[in-house]
Amino acid sequence: IFPGQIEEALIKHDKMAGNWHMVIEKINDIDSLLIKAETKNKLKPEDKEKVKKELIKSIQIMTSFTPEIEILPPNTLPREGIKAKRVLDKRDQNV
């Protein structure tokens, strides 16, 4: 899975903003992917759930992988200057 694939799915969705992170972990010897992504505007819980399902489906089509997705309100994730560090790989930390 490439970060560009995740970004492509997110920017295609009209409710999503440009700030997001992906966290990769190994849980019970299986790699897992959590995507934390901000919306442009604060969403109602039912709208967040709908967006989440749409993004999961879109990412599954692009990558053949089913991620966990956390939909966040605007300005939740830290801003990291011009070049954002989007990938946090925690697989070695879970040993």
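Thresholds, definitions, all that
- Residues numbered from 1 in each chain as written.
- Predicted model: local features only at pLDDT ≥ 70, side-chain atom pairs only at ≥ 80, totals over all residues.
- Heavy atoms only, no water.
- Buried < 20%, exposed > 50% of the residue type's maximum accessible area, 1.4 Å probe, protein only.
- Helix = DSSP H or I, 4+ residues; strand = E, 2+ residues; numbered from the N terminus.
- Arc of directions from axis to C-beta.
- Contact = heavy atoms within 4.5 Å.
- Polar contact = N/O pair within 3.5 Å; in protein donor to acceptor, adjacent residues only side chain to side chain.
- Pairing = 2+ DSSP bridges.
- Axes fitted to C-alpha atoms, helices over the stretch in contact; angles between N-to-C directions.
- Salt bridge = Lys/Arg side-chain N within 4 Å of Asp/Glu carboxyl O.

Trainee: Where do I start with helix α1 (residues 3-12) in this structure?
Mentor: Since the α-helix turns once every 3.6 residues, residues separated by three or four places project in the same direction. Restricting attention to buried positions, one finds in α1 the residues I6, A9 and L10. One face of α1 carries all of its buried residues, which in axial projection span an arc of 95 degrees. In this structure, α1 carries I11 and K12 as exposed residues pointing more than 90 degrees from its buried face. In the core, the buried residues of α1 are packed alongside β1 (16-27), β2 (30-39) and α2 (45-63).

Trainee: Just to check I follow, could you spell out the side chain of R86 for this structure?
Mentor: For R86, the location among the structural elements is in the loop between β3 (68-72) and β4 (87-89). A polar contact is formed between the side chain of R86 and the backbone oxygen of W20, at a distance of 3.1 Å. Look past the residues within four positions of R86 in its chain and what remains in contact with it is E7, G18, N19, W20, H21 and M22.

Trainee: Please clarify how the sheet that holds β4 should be interpreted in this entry.
Mentor: Strands pair in a sheet through their backbones, by hydrogen bonds, and they do so in one of two ways: parallel or antiparallel. Across the sheet, which stays open at both edges, the four strands sit in the order β3-β2-β1-β4 with mixed pairing between neighbours. Looking along the sheet, the strands with just one partner apiece sit at the ends: β3 and β4. Sheet twist, expressed as the average angle between the axes of neighbouring strands with direction ignored, equals 15 degrees. Where β1 and β2 come together, nine bridges link them in antiparallel fashion. Following the sheet pairing, E25 is matched in β2 by S32. Lying on the sheet, α1 is in contact with β1, β2 and β4; it crosses β1 at an angle near 140 degrees. Together, β1, β2 and β3 form the strand contacts of α2, whose direction differs from that of β3 by roughly 140 degrees.

Trainee: It is not clear to me how the pattern of salt bridges should be interpreted in this structure. Could you clarify?
Mentor: Opposite charge on two side chains lets them pair, provided their charged atoms get close. With the rule as written, the count across this model stands at six salt bridges. Linking R86 and E7 is a salt bridge whose minimum nitrogen-to-oxygen distance equals 4.0 Å. Of the two residues, R86 sits in the loop between β3 and β4 while E7 sits in helix α1, which places them 79 residues apart along the sequence. Residue R91 is joined to D31 by a salt bridge in which the shortest nitrogen-to-oxygen separation is 3.2 Å. One end of the pair, R91, is in the segment after β4; the other, D31, is in strand β2, with 60 residues separating them in the sequence. For R91, a relative accessible area of 29% puts it in the partly exposed group. Residue classification places D31 among the partly exposed residues on the basis of a relative accessible area of 30%.

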